[in-house]
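Chain residues, written in single-letter form:
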Amino acid sequence: MSYVNIIAEVRGKVGLITLNRPKQLNALNDDLMDELGSALATYEADENIGAIVITGSDKAFAAGADITVMQSLTYMEAYKGDFISRNWEGVKNCRKPVIAAVAGYALGGGCELAMMCDIILAADTAQFGQPEVRLGILPGAGGTQRLPRAISKAKAMEMCLASRNIDAEEAERSGLVSRVVPADRLLDEAMSTATRIAGFSLPVVMMIKECINRSYESSLNEGLLFERRAFHSAFALDDQKEGMTAFVEKRKAAFTNR
Ligand code: HXC
């Protein structure tokens, strides 16, 4: 598929999306987000794809929503158009695992986009921040909600209130990213993690993602019940029989449920 603001390619069982407005440090505008949503929907519908990677350039994953677009936006336009929810839901609603591979700046909407993904892998060059306060606005795509859930309240407050960026090492220490890798290894590590996930049973992988996300939305007891029911349903899958039989027969499982 051919896009202008992203590059979408399939490598094995992984859909790889590269944000591609390098001159604007991948500033996120409607065209880019529409294309991102379309690529995600395509990969979601493709039963051969088991995981998705979103990445940017060496210098920037994304330096935020496009400020030149927002500069003249009025309250009425923002409110009536429900500014930014329209084409950002695709990331949040994607049911297959999505890995953000972040090098360089992940600021504002860029940090929020990374946080919508299921796993963030950071290059040692990565910088995360919510600098909206400098522009006279506040985070609008989950920064004030996902950040305190991912890191401490105090750190989230300092990042959003004082516009303090954190580097990759601090992001890992605070739990925002799953791990830090050398910049020149970032894509390989992200692709190999995605390929590993894509080799497992797709419905089981989707259930795991749904259950972990559920933990944010429910009490512990509700979440445990949700997990238990999903766990029971896994026994309806051929992949459960295959996975356990392969263990008993000391061979590698070949999962077929897609
Ligand atoms: C539009 C942007 C941009 C952005 C960078 N550019 N960020 N354009 N929107 N968010 C453009 C610059 O204007 C410049 O264009 C080119 O990209 C290169 O950027 P420089 O500033 O020259 O690079 P550098 O000096 O290396 O500084 C990098 C930077 C800085 C520290 C990341 O660009 C910066 O502070 N950007 C803004 C970061 C920010 O405030 N993000 C939050 C946005 S609000 P020209 O034409 O001059 O070469 C937001 C709200 C989200 O995200 C709400 C929900 C979606």
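Residues numbered from 1 in each chain as written. Predicted model: local features only at pLDDT ≥ 70, side-chain atom pairs only at ≥ 80, totals over all residues. Heavy atoms only, no water.

**Remarks on the overall build of the protein**
For the protein, the count of helices and strands is twelve helices and ten strands. For the protein, the C-alpha radius of gyration of 19 Å lies close to 18 Å, the compact-globule estimate for 258 residues. Dimensions of the protein, computed from the C-alpha atoms along their principal axes, are close to 60 × 45 × 40 Å. A total of 258 residues make up the protein; the buried ones form 45% of that total. (Helix = DSSP H or I, 4+ residues; strand = E, 2+ residues; numbered from the N terminus. Rg over C-alpha atoms; globule rule 2.2 N^0.38 Å. Buried < 20%, exposed > 50% of the residue type's maximum accessible area, 1.4 Å probe, protein only.)

**Focus on the site of the ligand**
Neighbouring the ligand are 23 residues, the closest being Lys59, Ala63, Ala65, Ile67 and Gly109. Between the ligand and Lys23 there is a distance of 3.3 Å, counted from an oxygen atom to a backbone nitrogen or oxygen. In the model, a nitrogen atom of the ligand is placed 2.9 Å from a nitrogen or oxygen of the Ala63 main chain. With the chains in place, 62% of the 1,000 Å² that the ligand exposes on its own is no longer accessible. A breakdown of the residues in the shell around the ligand according to their chemical character gives 13 nonpolar, five polar and five charged. (Near = heavy atom within 4 Å. Polar contact = N/O pair within 3.5 Å; in protein donor to acceptor, adjacent residues only side chain to side chain. Areas by Shrake-Rupley, 256 points an atom, 1.4 Å probe, with all protein chains shown as cover. Nonpolar A, V, L, I, M, F, W, Y, C, P; charged D, E, K, R; others polar.)

**A few points about the packing of helix H6 (residues 143-150) against helix H7 (residues 153-161)**
Between H6 and H7, the shortest axis-to-axis distance is 7 Å and the interhelical angle comes to 145°. With respect to the hand of their crossing, H6 and H7 are arranged in right-handed fashion. On H7, the residues touching Gly143, Leu147 and Pro148 of H6 are Lys153, Ala156, Met159 and Cys160. (Axes fitted to C-alpha atoms, helices over the stretch in contact; angles between N-to-C directions. Left-handed = near helix turned anticlockwise from the far one by under 90°. Contact = heavy atoms within 4.5 Å.)

**Quick look at the side chain of Asn26**
By the element assignment, Asn26 lies in the loop between strand S2 (14-19) and helix H1 (30-45). Owing to a relative accessible area of 0%, Asn26 belongs among the buried residues under this scheme. There is a polar contact of 3.5 Å between the side chain of Asn26 and the backbone oxygen of Leu19. Looking at Asn26, its side chain comes within polar contact range of the main-chain nitrogen of Asn20, at 3.5 Å. Not counting residues within four places of it along the chain, the set of residues in contact with Asn26 comprises Leu19, Asn20, Arg21, Gly56, Ser57, Ala60, Phe61, Ala62, Ala63 and Gly64.

**A short note on the sheet that holds strand S8 (residues 127-129)**
Reading across from one edge, S4-S6-S8-S9 is the order of the four strands in this open sheet, with mixed pairing throughout. For this open sheet the edge positions go to strand S4 (60-62) and strand S9 (166-167), each flanked by a neighbour on one side alone. The pairing of S4 with strand S6 (residues 105-107) spans two bridges and is classified as parallel. The residue of S6 that forms the bridge with Ala60 is Tyr105. Contacting S4, S6 and S8, helix H5 (residues 109-116) crosses the sheet at an angle of about 90° to S6. (Pairing = 2+ DSSP bridges.)

**Focus on the sheet that holds S2**
Spatially, S1-S2-S3-S5-S7-S10 is the arrangement adopted by the six strands of the open sheet, whose pairing is mixed. Whereas interior strands pair on both sides, the edge strands pair on one side only; in this sheet they are strand S1 (6-11) and strand S10 (179-181). The mean angle between the axes of side-by-side strands here comes to 20°, regardless of whether they run parallel or antiparallel. Sheet topology places strand S3 (residues 51-55) next to strand S5 (residues 98-102); four bridges connect them, and they run parallel. Within the sheet, the bridge partner assigned to Val53 lies in S5 and is Ile99. Helix-sheet contacts for H1 involve S1, S2 and S3, and the interaxial angle to S1 is about 15°.

**Topic: helix H12 (residues 238-248)**
Burial in H12 covers these residues: Asp239, Gln240, Glu242 and Ala246. For H12, the angular spread of the buried residues around the axis is 165°, confining them to a single face. Looking at the packing, one finds that the buried side of H12 touches helix H10 (202-217) and helix H11 (220-234). Lys250 sits one or two positions beyond H12 and adopts a positive phi of about 55°. (Arc of directions from axis to C-beta.)

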